[in-house]
Amino acid sequence: MPVKLYDTLSRSMRALAPSAPGKEFGMYCCGPTVYGPAHIGNFRTFLLQDVLRRTLEEDGLRVRHVRNITDVDDKTIRRSQEEGKTLAEFTAVWTKKFHDDCAALNMLPPHAEPAAVAHIPLQIAMIEKLVARGNAYVAPDGSVYFKVSSDPDYGKLSHLDRDALRTQATNSAGEVNAADEYARENVADFALWKARKPEDGPNFWNSPWGEGRPGWHIECSAMSTHYLGETFDLHGGGVDLCFPHHENEIAQAECACGRHGTFARHWFHSAHLMVDGAKMSKSLGNLYTLADLEAKGFSPMAVRCALISGHYRSQLNFTLKSLEDARAALEKLEKGARKLAEKAGVPAEKFFADDAVPAEAESASRAAFEPAWLALCDDLNIPGALGKIFSALSDLGKTELTKSDAETQLRALAKMLRALGLKLFSEKKSSDAGNDAVPAEIAEIGEKRWSAKLAKNWSEADRLRDELAARGWKSLDRKDGFTLVRL
């Protein structure tokens, strides 16, 4: 069964395949703007893209994954100057932090990761083509704008009413978009090149139109076509990028190439992440980074599990309770995998360690995990796949299996977990190694409090909770146990 995915452009389910048999599947994803740590809303999108890539690869496709780094824009320039650093020094710090977080979350690195600054000549060359073709014009101050009225196809991705389009100030998620504050012929037009302004400081480059820097949208058009060709197989990003960013990408690339309808063959957009039922914001105190959640005692693998647990086209409401549920789900997976490994006569921890599973692992379609695989192939239904994995593990736990059959099932489970990017037995548990770092007297108080809670002796449980807090500790409870972490 081919992997099928909803396409934003056609508004239909379509099978994913390269443009020609045997060719690499070209996949471009909009990456981070490196002016601070990426938050969990950013990572939800990146993780879903990671699962899609993994699923395609497990299905036998050769994928070429390209993800950009935005290292020049208003925010990176402003923050670098506030910290007294060059733009390159400043963005290097946050690029490394992003890569570290990606590795902790078990994300596959892209095959190419072009950064905007290093590819400014490519962007200038594309702008020159647009000016020469009459799709762009030079303003009196030296800025260059794309002329939206010159593109009859503009608006096809976000299905805009062309007559109603008046501004680029609101994106497709209904949020305020940082519009370009430059003179232009029409408010619907957008900047390709921004003339140098005093607040840019030393951050400018030479161009045929004078000193300045690229607009945000042009980098993705220039770099995606450079690394994947004028036509490639899939473009991904958050739903907020559908308009204006992706709409503008299409217009720039197709007009520059002189070929409409040839940019990306499939558009993959993921819905927003909510936190505690509200949009993330610093003012609400619900804008979490991976470091924030690790400080609360949650592992990166639990964060990954929680962020991919909802369907990509539906908003996911993230809570600390959902993290506890994700941690419990991982432990349940490990318990089921361990039972299956015992029947296969292999040590579970070693079997699932890193890349220990043989490359010729059995296809999931040959095992009890076929329904889970089919769910994943059907519009990347991750919650459906997880549910069917648990059902299969439950059934297998009650079934008499030969050693050979058990190993086949174990390899099929490993295939599913590789597609989801979930690593088992990679984290220490509170019941074993977790208490190694907890003083004995604190662990004893934690056990007493847990026992009181199970006995519904709430007053004693509260008293012991307060005692833990007074000593600088707290208990993170879940259905089957607890974890003690420092405050």
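Residues numbered from 1 in each chain as written. Predicted model: local features only at pLDDT ≥ 70, side-chain atom pairs only at ≥ 80, totals over all residues. Heavy atoms only, no water.

### What to know about helix H15 (residues 458-470)
Given a rise of 1.5 Å per residue, 13 residues ought to cover 18 Å, and the 18 Å separating the end C-alpha atoms of H15 matches this to within 8%. For H15, the complete set of buried residues consists of Ala461, Leu464 and Leu468. Mapping the buried residues of H15 onto a view down its axis gives an arc of 65 degrees, with all of them on the same face. Relative to its buried face, H15 has exposed residues pointing more than 90 degrees away, namely Ser459 and Ala470. Against the buried residues of H15 lie helix H14 (440-454), strand E14 (473-478) and strand E15 (481-486). Just past H15, the residue glycine 472 takes up positive phi, approximately 90 degrees. (Helix = DSSP H or I, 4+ residues; strand = E, 2+ residues; numbered from the N terminus. Expected span 1.5 Å × (residues − 1). Buried < 20%, exposed > 50% of the residue type's maximum accessible area, 1.4 Å probe, protein only. Arc of directions from axis to C-beta. Contact = heavy atoms within 4.5 Å.)

### Thoughts on the sheet that holds strand E4 (residues 63-67)
Strand order in the open sheet made by the 4 strands is E4-E3-E9-E10, with parallel pairing throughout. One side of each edge strand has no neighbouring strand; the edge strands of this open sheet are E4 and strand E10 (267-270). For this sheet the average axis-to-axis angle between neighbouring strands, irrespective of direction, equals 20 degrees. Note that strand E3 (residues 25-29) and E4 share 5 bridges and pair parallel. Bridge assignment links phenylalanine 25 to a residue of E4, and that residue is valine 63. Against the sheet, helix H5 (residues 216-228) engages E3 and E4, with an angle of about 160 degrees to E3. (Pairing = 2+ DSSP bridges. Axes fitted to C-alpha atoms, helices over the stretch in contact; angles between N-to-C directions.)

### Structural notes on the UniProt feature "short sequence motif: 'HIGH' region" (unreviewed entry) in the protein
According to UniProt, the "short sequence motif: 'HIGH' region" (unreviewed entry) feature falls on residues 32-42. Overall, residues 32-42 shows 27% helix and 0% strand. The separation of its end C-alpha atoms is 8 Å. (UniProt positions renumbered as here; feature names shortened; annotations may be inferred.)

### Looking at the packing of helix H12 (residues 382-397) against helix H13 (residues 403-420)
The relative placement of two packed helices comes down to the angle between their axes together with the axis-to-axis distance. Between H12 and H13, the shortest axis-to-axis distance is 12 Å and the interhelical angle comes to 160 degrees. In terms of their interaxial angle, H12 and H13 are classed as roughly antiparallel. Between H12 and H13 the crossing geometry is left-handed. Residues Ile382, Ala385, Leu386, Ile389, Leu393 and Leu396 of H12 touch H13, and the partners they reach there are Gln409, Leu413, Met416 and Leu420. Split by residue class, the contact of H12 with H13 holds 9 nonpolar, 1 polar and no charged. (Parallel < 35°, antiparallel > 145°, perpendicular 65-115°, else oblique. Left-handed = near helix turned anticlockwise from the far one by under 90°. Nonpolar A, V, L, I, M, F, W, Y, C, P; charged D, E, K, R; others polar.)

### Quick look at the sheet that holds strand E5 (residues 136-138)
In space, the 4 strands of this open sheet follow the order E5-E6-E7-E8, with antiparallel pairing throughout. Each end of this open sheet is capped by a strand with a single partner; those strands are E5 and strand E8 (212-214). Strand-to-strand twist across the sheet, computed as the mean angle between neighbouring axes with direction ignored, equals 20 degrees. Of the strand pairs in this sheet, strand E7 (residues 190-195) and E8 are connected by 3 bridges, and their pairing is antiparallel. When the sheet's bridge partners are listed, tryptophan 193 is paired in E8 with proline 214.

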